[in-house]
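# Per-entry structural report
The chain contents come next:
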Amino acid sequence: MILPHSNDLPVNYLASCFNNTSATYKYYWFLSILQSLESGDSWIKKNELFSRMIANAWYTVNYFHVSFGKQDLIQEAIHKLKSLEGITVDENQSIIIHKLTTTPNRNTEKVLWHFDKNVPHWFLSPWFPKIGSEKDTAREKRVYNESKAYYNNCLYALYDEAIEINPAWKVYLLKNSRVLKDFCYWNLALFLQLKNPNVPDIPNKLIKPAIRNGLTKQRKQFWDLVINEIDDVRCIYTNEKLTIGNYAVEHFIPYNFVSHDLIWNLIPADKSFNSSKSDKLPPLEKYFDSFYTLQKTAIEIVSEKTPKNKFLEDYLTIFPDLKNLNREKFKERIQPLITIASNNGFEFLS
């Protein structure tokens, strides 16, 4: 994916800002600049940009537990700020930004301003290549001084407390904002996928969805058929008997990790337990056999009752032939996902 062309601006410098990245800082910094510019600001306080960086990464870190790598301190900063400010895991971005920009907590400010040494002047590096054996401190000072005159038509001027968008770039950024954001998210997804090679669906874990899809169809068109056919379906967690209209459909491996509602990961469960399970992982030694037995029985019943049931197609994403489905093959699919999720910070049910 390439950036929109301009005859008047050094777009190649902007594109090269994202070369050789070892952390997510530049992606979240540029996204934050675009968001602030869209709200009407050309003079943007750094504190707002740092807060937006945190808010943009908040859901990815706290809800989906995506790893940013050891060199990236956004993840660590988010965990600290969540505790310092008492912000919930799924808080709205606007509220996160407001809390972080208005907080009187000096420790919060310290966490945010850590990024001042790692992002604002480094982002402008393509416009200010290193001169000879110039030291980093000298180069930083030069960037601050020369950017104020928009040297090399750089993207913004740097000040101690703020940045000011170069008027020559403003129209370009606003006109192409959507494409520029897509460019950012595309490259951010590629970067995070390298850090999380076995984590599914990274692109859909970068932005909090407006509304989660419900599971009504999975319940009525799949699991109701099973429960109606079998007189004694039990919750694999509580052993409570489940009846039509009195059970929940839950994700065996948390949605926060798999980021999908495919039927092979959904089972009927006791409503009260489902509420308390949250995003906990089920220990396979305790629950897999019951999970597999219920899934296998469901496949047999639905295949017989409604052979063209569209939810049967969900199984084809992990099994090319349902007739050859067996316990070992199913566990071979489930076990690595549980292990990776655990390594990424998801906790097990006690």
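Read on for an overview of the structure. Just so it is clear, the structure is predicted and the values come from calculations on it, not from any experiment.

Thresholds applied
Residues numbered from 1 in each chain as written. Predicted model: local features only at pLDDT ≥ 70, side-chain atom pairs only at ≥ 80, totals over all residues. Heavy atoms only, no water. Helix = DSSP H or I, 4+ residues; strand = E, 2+ residues; numbered from the N terminus. Buried < 20%, exposed > 50% of the residue type's maximum accessible area, 1.4 Å probe, protein only. Lys, Arg positive; Asp, Glu negative; His and termini not counted. Charge placed at Lys NZ, Arg CZ, Asp CG, Glu CD. Arc of directions from axis to C-beta. Contact = heavy atoms within 4.5 Å. Polar contact = N/O pair within 3.5 Å; in protein donor to acceptor, adjacent residues only side chain to side chain. Pairing = 2+ DSSP bridges. Salt bridge = Lys/Arg side-chain N within 4 Å of Asp/Glu carboxyl O. Axes fitted to C-alpha atoms, helices over the stretch in contact; angles between N-to-C directions. Parallel < 35°, antiparallel > 145°, perpendicular 65-115°, else oblique. Nonpolar A, V, L, I, M, F, W, Y, C, P; charged D, E, K, R; others polar. Phe/Tyr/Trp six-rings, centres within 6.5 Å; stacked < 30°, edge-to-face > 60°. Lys NZ or Arg CZ within 6 Å of the ring centre and 35° of its normal.

Below, the discussion takes up the overall build of the chain. In terms of helices and strands, the chain carries 15 helices and five strands. Residue burial in the chain is summarised as follows: out of 350 residues, 51% are buried. Where the 43 positive side-chain charges of the chain centre and where its 39 negative ones centre are 2 Å apart.

When helix α9 (residues 167-175) is considered as a whole, its buried residues turn out to be Trp-169, Tyr-172 and Leu-173. Burial along α9 is one-sided: seen end-on, the buried residues are contained in an arc of 100°. Residues of α9 that are exposed and point over 90 degrees away from its buried face: Pro-167, Val-171 and Lys-175. Residues of α9 that are buried in the fold lie against α1 (11-16), α2 (25-38), β3 (162-165) and α10 (177-195). Backbone nitrogen of Ala-168 and a side-chain oxygen of the N-cap are separated by 2.9 Å at the start of α9; the cap is Asn-166.

Bridging between strand β1 (residues 43-45) and β3 involves three bridges; their strand directions are antiparallel. Paired with Trp-43 across the two strands is Glu-164, which belongs to β3. By the bridge criterion, three bridges tie strand β2 (residues 156-158) to β3 in an arrangement that is antiparallel. When the bridges of β3 are listed, Ala-157 appears paired with Glu-164. Hairpin connection from β2 to β3: three residues lie between these consecutive antiparallel strands.

A few words now on the pattern of salt bridges. Going through the model one piece at a time under the given rule, you end up with 15 salt bridges. Of the charged contacts, one joins Lys-241 and Asp-231 as a salt bridge, the two residues approaching to 4.0 Å between their closest N and O atoms. Of this pair, Lys-241 sits in the loop between α11 (216-229) and β4 (248-251) while Asp-231 sits in the loop between α11 and β4, and the two are 10 residues apart along the sequence. For the salt bridge of Lys-277 with Glu-250, the shortest nitrogen-to-oxygen distance reads 3.1 Å. Placement of Lys-277 in helix α13 (residues 271-277) and of Glu-250 in strand β4 is noted, with a sequence separation of 27 residues between them. Lys-277 sits in the buried class, given a relative accessible area of 1%. Ionic contacts of the salt-bridge type, sharing partners, join the residues Glu-134, Arg-142 and Glu-146 into one network.

This next bit is on the environment of Asn-7. With respect to the element layout, Asn-7 can be found in the segment before α1. According to the relative accessible area criterion, Asn-7 is exposed, its value standing at 72%. A polar side-chain atom of Asn-7 sits 2.9 Å from a polar atom in the side chain of His-5.

Next up on the list: the packing of helix α3 (residues 46-62) against helix α4 (residues 74-85). As a packed pair, α3 and α4 sit with axes 10 Å apart at the nearest point and diverge in direction by 90°. Between α3 and α4, the angle is such that the two are roughly perpendicular. When α3 is examined against α4, the residues Met-53, Ile-54, Ala-57, Trp-58, Val-61 and Asn-62 are found in contact with a partner set consisting of Ile-74, Gln-75, Ala-77, Ile-78, His-79, Leu-81 and Lys-82. Taken together, the residues of the contact of α3 with α4 break down into nine nonpolar, three polar and one charged.

By the definition in use, this model includes 33 aromatic pairs. Both rings, one in Phe-123 and one in Tyr-156, keep their centres 6.4 Å apart while their planes meet at 20°; by these two values the pair is stacked. In this pair, Phe-123 is assigned in helix α7 (residues 120-123) and Tyr-156 in strand β2, connecting sequence segments 33 residues apart. The buried category is assigned to Phe-123, whose relative accessible area is 0%. For Tyr-156, a relative accessible area of 0% translates into the label buried. Clustering of aromatic rings is evident, with ring pairs tying together Phe-18, Tyr-25, Tyr-27, Trp-29, Phe-30, Phe-50, Trp-113, Phe-115, Phe-123, Tyr-156, Phe-183 and Phe-191. Geometry around Tyr-159 places Lys-148 over its ring, the cationic atom sitting 4.9 Å from the centre.

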